[in-house]
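# Per-entry structural report
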Amino acid sequence: MKYIISTLGCKVNQYEAQAMDAMLKQHGHSPAAPGEQADAIIVNTCAVTAESGRKTRQAIRHLKEENPAAVLAVCGCYSQISAEDVAQLGADVIFGASERTKLVEAVEQAVEKGLGCRYIDQPFKRRDFERLPSGAVPGRTRAMLKIQDGCVNFCSYCIIPYTRGRLRSLPVEEAVEEIRKLQAQGYREVVLTGIEVASYGLDLPGRPGLADVVCAVAEAAPEMRIRLSSLEPTVVTEDFCRRLAATGRLCRHFHLSLQSGCDRTLKAMNRKYDTAAFYRSVELLREYFPGCALTCDLITGFPGETEQDHLETLDFIRKCAFESMHIFPYSRRPGTPADSVPGQLENAVKSRRAHEAQEIAKQMHLDFLRSCVGSRLPVLFETKEDGLWTGHSDSYVLVSAAGEALRGQIRPVLISEVRGEQLFGHLDG
C-alpha cells in the first residue's frame, strides 16, 4: 500500500504523524513518491482555531482531488468535534484524537476490503496514555517523544480540552526506556512534547513532575540534548530551573504560552497567571540559562480587549524581549466560552493589532541574532546546501558553517555574522 500522511497543527500532531508513518512501515507499506498516486491518504487535523478548521478542510479537498481513488482517512482534533463535516468531505475512515494504532488497521481494511469505519470516543473517559512509536519525522535529525496528553486548563478561547480530554502521562520509567532507544538509534536531540507538559505526572502515582522526567531522561541518555516544547509559565520555578540547569543537557530555548500582556485580558482568557508571575518566569530562565532564547504565543484582539489593553501588551512584550513570537489575531472557535461573549472585535482591528505586535517581534528577533555574534553555539547540523551545513543551535536559531559530513553531529560554531534570518560562523573545535 502506498500512502500519504498530511498533518496540521502542533508538535504533538507531528509526533503522532511520524508514529503512524512508523507503524505503516512496520506493516510493510511505503510512502507514495512525489507525483505517485496513493492508495490511502491520512490527514491528521487541528482544531485550535476556526482558521485551523478551514485549513484542515482545504487540505482534505486538495489531497482528495490529487488522489481521487485513494481511501481517505481523517483523524485528530478537528474530526473529534466535527465528524459529520469530515464525512461530508468524503472520508472513508474517521477517527478522533486517539487510537492511532486502530486507525492504521482501519486504513488497511478500507484499502484491502473497501470497509469504511468511524470511531469517535468520549475524550473525558480516556484514562490511559496512548503508547506510540517514538522517533522523527522522515528526514529530521531530532526525535520527538510525547510524554503527556490532555489538558484541563479550560482557557476560555480553547477547544483542546474537549478534543484531548483529561491529563494522561507517560510513566518516568517508560520515558527512560524510550529515550535509550532513541539514543541507540543515533539521535542526538529529543523534543519532549505534550498538549500541556507543565501538568506532566499529576495523574501518576507519586505525582512526579516535569523536572523529574527531564532529569531522568537526561541521566539515561547522556549523548542526547533535550528540548522542551511549549511551557505554561506556572511550571517555571526556581527549583525547576535549578534542577534542569544542573543536568547540563537542556537546550536553551523555552517557548512560554503568554497569550496576552494585559492582566485584564489574561483574566478574561481564564489563564492561571498574571504578567508579574510571567515576568518572574522570564527572569528565572535567563538567570539559570544565560543567553537562552525565549519565544511565546500571542493572541491579539481578544473579545473585550481595548486599545489600552493592546498597548499594555505591546509594552510587556518589549519588556520580555522575546527571540521570536507566534502571533495570531483572535479566531472565534465555536464551542468555547469566548465565542459567545460580547465585545467581539472586527477582523480589521484584530489584524492591525497583530501587525503592530509583529513589527516589534521582528526587531526583537534581529536584536537577539545580533547578540549572538561573537558567541560560541552548539549546533546540531541537518542539511547541506551551496557548500554550507545548516542546523539549529541549542537556542533553536539556524546556523550555517562550512565542514565535511556534519549531518547528525553537534559541533560548536563561533558566530561571526547575521545574514537575514540566519547566523553564520565557523567550526570552533
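To keep things clear, this report deals only with the structure shown in the data block. For every chain, the first residue of its written sequence is number 1, and the numbers climb from 1 along that sequence. Owing to the predicted nature of the model, reporting of local features is limited to residues with pLDDT of at least 70; listing and counting of side-chain atom pairs is limited to 80 or more, with chain, interface and lining totals taken over all residues. Heavy atoms from the whole structure form the basis of all side-chain values; hydrogens and water molecules are not counted.

### Regarding the overall build of the protein
- A tally of helices and strands in the protein yields 13 helices and 18 strands.
- Against the compact-globule benchmark of 22 Å for 429 residues, the protein has a radius of gyration of 22 Å, which places it among compact chains.
- Overall, the C-alpha framework of the protein stretches about 60 × 60 × 50 Å when taken along its three principal axes.
- Using a 1.4 Å probe on the protein chains alone, a residue whose accessible area is under 20% of its type maximum counts as buried, one over 50% counts as exposed, and one in between counts as partly exposed. Counting all 429 residues of the protein, 54% fall into the buried class. Elements are defined by DSSP. Helices are runs of H or I of four residues or more, strands are runs of E of two residues or more, and each kind is numbered from the N terminus. Each radius of gyration reported is based on C-alpha atoms, and the globular scaling rule is 2.2 Å times the count of residues to the power 0.38.

### A few points about helix H1 (residues 11-26)
- The span you would expect from a helix comes to 1.5 Å times its residue count less one. Between its first and last C-alpha, H1 extends 22 Å over 16 residues, near the 22 Å set by a 1.5 Å rise per residue.
- Of the residues making up H1, those classed as buried are Val12, Asn13, Tyr15, Glu16, Ala17, Gln18, Ala19, Met20, Asp21, Met23 and Leu24.
- Positive phi shows up at glycine 28, right after H1, with a value of about 90 degrees.

### Some points on the packing of helix H9 (residues 238-247) against helix H11 (residues 275-288)
- Here an angle of 0 to 180 degrees is reported between the N-to-C directions of two axes, which are lines fitted to C-alpha atoms, with helices fitted over the stretch in contact. Contact pair H9 / H11: the axes reach a minimum separation of 10 Å and the direction vectors enclose 25 degrees. In this view, H9 runs roughly parallel relative to H11, as classed from their interaxial angle. Note on packing geometry: the crossing formed by H9 with H11 is right-handed. When H9 is examined against H11, the residues Glu238, Cys241, Arg242 and Ala245 are found in contact with a partner set consisting of Arg280, Leu284, Leu285, Glu287 and Tyr288. Put simply, angles under 35 degrees are roughly parallel, angles over 145 are roughly antiparallel, angles from 65 to 115 are roughly perpendicular, and the rest are oblique. Handedness of a helix crossing follows the sense of rotation of the near helix relative to the far helix, less than a right angle counterclockwise being left-handed and clockwise being right-handed. Two residues form a contact once any of their heavy atoms are found within 4.5 Å.

### A look at the sheet that holds strand E13 (residues 324-329)
- DSSP calls a pair of strands paired once it identifies at least 2 bridges connecting them. Pairing is parallel across the open sheet formed by three strands, whose spatial order is E11-E12-E13. Looking along the sheet, the strands with just one partner apiece sit at the ends: strand E11 (253-259) and E13. In this sheet, neighbouring strand axes are inclined to one another by 15 degrees on average, regardless of whether the strands run parallel or antiparallel.
- Across the sheet, H11 is in contact with E11 and strand E12 (293-300); its angle to E11 comes to roughly 175 degrees.
- Across the sheet, helix H13 (residues 347-372) touches E12 and E13, and the angle it forms with E13 is around 175 degrees.

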